[in-house]
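Below are the chains, spelled out letter by letter.
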Amino acid sequence: EESDEESDEESDEEPDEEPDEEDASVSASGSGDASAEMFAGTALPHEFGNGDPRCAWRYDFEPRTAGAYSVHVKLLTYNGFADFDLEKCNVEQQPVPGGGGDDIEPLEEMNRRRVAELASRNNWTHARGVSGFKMYSPNDACCEACTRARGCRAWTTPGSRHYDNCQLFFDRVEDDLDFADGRTGHYLGRGRSYTFTKQTFGYVERRRRLQERRLAVAPDDIKKPWGPDMFKNAAHGTSRSESTAYFLGCGWSSLMSFESPCHDPSDDMVHGSGVRVQVGSPPPPGPAPPGEERPEGAERRPCTLEDERVSNSFAGRWVQYPFPDDETCSALVQDRKTKADFRDFRAEYLDDEPPLCWHRDDISRHANTCVEPGCQWVLNHRWKTSLRKQDRWYGRWEQYGCNVMDVSTADLQKCVDERRISKIEVRGASIAEILDGYMIQRTHGIKFVKEGGNTLTAILDTLKFPHLLWHNSVARQRSLFEDDAQFPPVPPTVEHYWVSGFYITSEREPHTHVDRSLQFTRLAEEILGERGYRPINVLGPTAAFAYDTDGQADGLHISGPPAKVAVQKFFHHLCRDVLA
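Residues numbered from 1 in each chain as written. Predicted model: local features only at pLDDT ≥ 70, side-chain atom pairs only at ≥ 80, totals over all residues. Heavy atoms only, no water.

## Some remarks on the packing of aromatic side chains
The relation between two aromatic rings is expressed through the spacing of the ring centres and the mutual angle of the planes. Selection criterion: Here a pair means two rings of Phe, Tyr or Trp (six-membered ring of Trp) with centres within 6.5 Å. Their orientation is stacked below 30 degrees between planes, edge-to-face above 60, and tilted elsewhere. Numbering of helices and strands starts at the N terminus; helices are DSSP runs of H or I of at least 4 residues and strands are runs of E of at least 2. Buried residues are those whose accessible area, probed at 1.4 Å on protein chains only, stays under 20% of the maximum for their type, while exposed residues exceed 50% and partly exposed ones sit between those limits. In this scheme, the term charge over a ring applies when either NZ of a lysine or CZ of an arginine sits within 6 Å of the ring centre and within 35 degrees of the ring normal.
Going through the model one piece at a time under the given rule, you end up with 17 aromatic pairs. Relative to Y246, the ring of Y78 has its centre 6.3 Å away and its plane inclined at 50 degrees; by these criteria the two rings are tilted. Here the residue Y78 occupies a position in strand β4 (residues 67-78), and Y246 occupies one in strand β10 (residues 246-247), the gap between them amounting to 168 residues. Geometrically, the ring pair formed by F465 and W498 is tilted, given 6.4 Å between the ring centres and 45 degrees between the ring planes. A residue pair is termed long-range when its members are at least 10 positions apart, and F465 in helix α9 (residues 465-471) and W498 in strand β17 (residues 494-499) qualify at 33 residues. One exposure class covers both F465 and W498, and it is buried. Among the aromatic residues, those joined into a cluster by ring pairs are F39, Y59, F61 and Y69. The ring of W358 carries the charged tip of R442 above its face, separated from the ring centre by 5.1 Å.

The following block contains the structure:
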C-alpha cells in the first residue's frame, strides 16, 4: 500500500543558536513491497551559497525501505525560541461598571465607551479589533497580539465590538500594515464572513490570487463563548516592545482570526510539497510476520536512559507492518471493558494477547469529537494526511541504535513482583489523562504488592508541559525546576519518569509551540536529571501523528500510537533489568 503521511519532528541540530530563523515541519513517508516508513522533523532554512540567491528547506533523513516516498512541508514558526517578559505588558485592571450583571448589551455599550475614552485620552487615532479563537487568558493573548502587530502602542480587552476579544491601538492607520497589499493599496483580512475552504484528500497546494485570501475564521462560524465575565475582568496594557515568536501555520491558534491569512488549511504548505521520490531498486526483503518483526532487534542492545536524551529525539522512525490476522489478535474494536475516562478511540487489548496486538489502531477514529465549545469548526476544516484513512493500522516506533522491548501482561506481573512495585502513578494535566488511559489498559489485572518500607512507587509525569510553555519564561521555568519544594530529589523508593514535550503543530495558547517544547525539554533534562528524574522522550514519535491523532485537531493533545510509545518506553526502562 502507499503511505503518504505528513508530520513534524525536530532535528538534533541546535536551532536555538539561530533564534531568528524560520522553522517548518517536514515529513517524508515511503512504501515498499510490504512495509512503509515515516520520517518527520523540523526543516531549517538552507542557503545555496557561492553567489546563488536561492534558498530552500533542508531536512536530512536516511530511507531504509525501497519504494516511493512523498514529502510534505508546512510552515510552523518564526523566531520560535524568543523568550518573553509578561511584566512588560503593563497590565492594569479596568472592570466595566456593572460588570457583574447578566445582560450583555448594556455591558457592551459601557465597554465601548471605556475603549473610546482610553483611545481619546492617549490620542490613538486608529484601532483594530481582534476576534480571537478561544482566548483562555485574554491579557496574555492580547498583549502578544499587540507585540506582534507592527506599530501597536497598546491593547485592551475586551474590544469595542461584539466578539472582539481585544482592541489594538495605533497612532495612525499607516502603522497597522500587517495585511496591507502594496500592489492594490487594500487591506487584507478585514472582512468577517469568510472561512476555510473544506479540504479534500489529494489536495496539496493551489496557487490563488492574493485578493482571494481571507481570514481563517469568522466569529459567527465558531459561536465562541461570550458573556458577562469578559467585562468583569476587563483590562488594558501595552506592547512588550521586544522580539517575539510568530506562529505561521494554519492550525489551531488563539489568535487565528487576527494574524492568519489562511483561506484553506493547506495554505501553510511550502511550494513543492507532495513531490514523490523513488528510492532503491530492487526493494529489500519485506518485514517478518507480526510477532517476529525486526529480527535484527534481538541483536541490538536494549535502549538506555541515554537514548532518551534530547540529542536522540529523532534517532528513529515509524515503520508500518502488515496488520495482524484474527488468529494472532482479537477483533479491532473500541475498548469498553477497561474503566477509564478516555475521550478518544482506544482499541481493546486482552490481557493474554501478545503485546504486538496493543499497537494496532484505527487512525480514522481518532480526534473526531469535541470536548470544548466551538472546536467542531476546527475539526471540519483541519489539514490531515492520508494516514487518517487507515482503519487497520499496525506500526512501531523503532530506534536506530537500540531496541525498546514490548512487555506482555505476564512480563509486567513478573516485573511488579520482582521489583516489589506497589503502585504506578500518572501525573500531569490533560496529556496525562491520555497516557493514563493507556496505562490503565495495560495494568488491568496486574496485582501490585502491598505498600511497605521496601516497596517501589513508579511515576510517569508529563510535568504539565503545555502550561509551563504558556505561562513561564525560560528564566522563570529554570527557577522552578531548581526549586527543591517543586522538584525535590527523588528518594530511593521511587522511580520518577518525566515525559518530554510533544511535537506541537499549533499555538493553542500564546508561547505554546514546538520550539519552546524542545527548549523546555532541554531545560528539564539539564536540571532534573541531577535530581534523579528519568526522561521519556516522545518528541520524535509524536511528530509523525501531530496532524492526525491530535484531539480536537488542536495540534497538541496527540493520542494513539505516539502516546502508546510513552507508556511502552516507561515499562521498558522500569522492567529492563528484570526482563532482559
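## A word on the pattern of salt bridges
Between side chains of opposite charge, pairing is possible as soon as their charged atoms come close. Spelled out, the test is: The term salt bridge refers to a side-chain nitrogen of Lys or Arg lying within 4 Å of a carboxyl oxygen of Asp or Glu.
Counting across every chain of the model gives 35 salt bridges. Close ionic contact of R516 with D83 constitutes a salt bridge, the shortest N to O distance being 3.7 Å. With R516 in helix α11 (residues 514-528) and D83 in the loop between β4 and β5 (92-93), this residue pair connects regions lying 433 residues apart in the sequence. Note that R508 is salt-bridged to D554, the shortest N-O span being 2.9 Å. Here the residue R508 occupies a position in the loop between β17 and α11, and D554 occupies one in the loop between α12 (539-543) and α13 (561-579), the gap between them amounting to 46 residues. You can call R508 buried: its relative accessible area is 8%. A single network of salt bridges, built from pairs that share partners, joins K88, E144, R148, R240, E242 and E507.

## Some remarks on α11
Under the convention used in this document: Helices are assigned an expected span. That span is 1.5 Å times one less than the residue count.
With 15 residues, α11 extends 21 Å from end C-alpha to end C-alpha; this agrees with the ideal 21 Å at 1.5 Å per step. Burial of α11 is extensive: 14 of the 15 residues sit out of reach of the surface.

## Looking at the packing of helix α8 (residues 430-442) against α13
As a reminder, the rule being used: For helices, the fitted line uses only the C-alpha atoms of the stretch in contact; every axis is such a line through C-alpha atoms, and the angle between N-to-C directions lies from 0 to 180 degrees. We call two directions roughly parallel when the angle between them is under 35 degrees, roughly antiparallel when it is over 145, roughly perpendicular when it lies between 65 and 115, and oblique otherwise. Two helices cross in a left-handed way if the nearer one is turned anticlockwise from the farther one by less than a right angle. They cross in a right-handed way if the turn is clockwise. When checking whether two residues touch, look at their non-hydrogen atoms; a contact exists if any pair is within 4.5 Å. Side-chain classes follow a simple rule in which Ala, Val, Leu, Ile, Met, Phe, Trp, Tyr, Cys and Pro form the nonpolar group, Asp, Glu, Lys and Arg form the charged group, and the remainder, Gly included, forms the polar group.
Here α8 crosses α13 at 55 degrees, and the two axes come no closer than 9 Å. One finds that α8 runs oblique with respect to α13. The two elements α8 and α13 meet at a crossing, and its hand is right-handed. Facing α8, whose interface residues are I434, L435, Y438, M439 and R442, α13 presents A563, K564, A566, V567, F570 and F571. Within the contact of α8 with α13, the residues separate by chemical class into nine nonpolar, no polar and two charged.

## Considerations on the sheet that holds strand β7 (residues 154-157)
To be explicit about the condition: By this definition, two strands are paired if DSSP reports at least two bridges between them.
One open sheet holds the five strands; their spatial order is β5-β9-β7-β8-β6, and the pairing between them is antiparallel. One side of each edge strand has no neighbouring strand; the edge strands of this open sheet are β5 and β6 (126-130). As defined by bridge partners, β5 adjoins strand β9 (residues 235-238) across two bridges and the pair is classed as antiparallel. Considered in β9, the bridge of E92 is made with H236. Here helix α2 (residues 138-148) sits on the sheet in contact with β5, β7, β8 (166-170) and β9, set at roughly 150 degrees to β7.

## What to know about the side chain of E507
To keep things clear, this is the line we draw: In the analysis that follows, any N or O atom pair within 3.5 Å is treated as a polar contact, provided that within protein one partner can donate a hydrogen and the other can accept it, and provided that, for residues neighboring in sequence, both atoms belong to side chains.
Take E507: it is sitting in the loop between β17 and α11. Reaching out from E507, the side chain makes a polar contact with the side chain of R148 at a distance of 2.6 Å. Only 3.3 Å separates the side chain of E507 from the backbone nitrogen of H511, close enough to count as a polar contact.

## Looking at the state of the cysteines
Quick reminder of the rule: Any two cysteine sulfur atoms within 2.5 Å of one another count as a disulfide.
One pass over the full model with this rule turns up six disulfides. Note that C146 is cross-linked by a disulfide to C152, the S-S spacing being 2.1 Å. As the torsion about the S-S bond is roughly -100 degrees, the C146-C152 disulfide counts as left-handed. Considered together, C146 and C152 belong to a single accessibility category, that of buried residues. Residue C303 pairs covalently with C402 via a disulfide, S to S 1.9 Å. Handedness here is read from the sign of the S-S torsion; for C303 and C402, about 85 degrees, the answer is right-handed.

## A closer look at unusual backbone geometry
With an omega of -5 degrees, the peptide bond running from T157 to P158 counts as cis. In this fold, P158 is placed in the loop between β7 and β8. Even without being glycine, N79 reaches a positive phi, approximately 60 degrees. Along the polypeptide, N79 turns up in the loop between β4 and β5.

## Brief notes about helix α7 (residues 409-419)
Convention followed: Regarding the arc, it is the one traced by the directions from the helix axis to the C-beta atoms.
Taken residue by residue, α7 has T409, L412, Q413, C415 and V416 as its buried positions. The arc that holds the buried residues of α7, viewed along the axis, is 160 degrees, so those residues lie on one side. Facing away from the buried side of α7 by more than 90 degrees, the exposed set consists of A410 and E418. Backbone geometry just downstream of α7 places R420 in the positive-phi region, at approximately 55 degrees.

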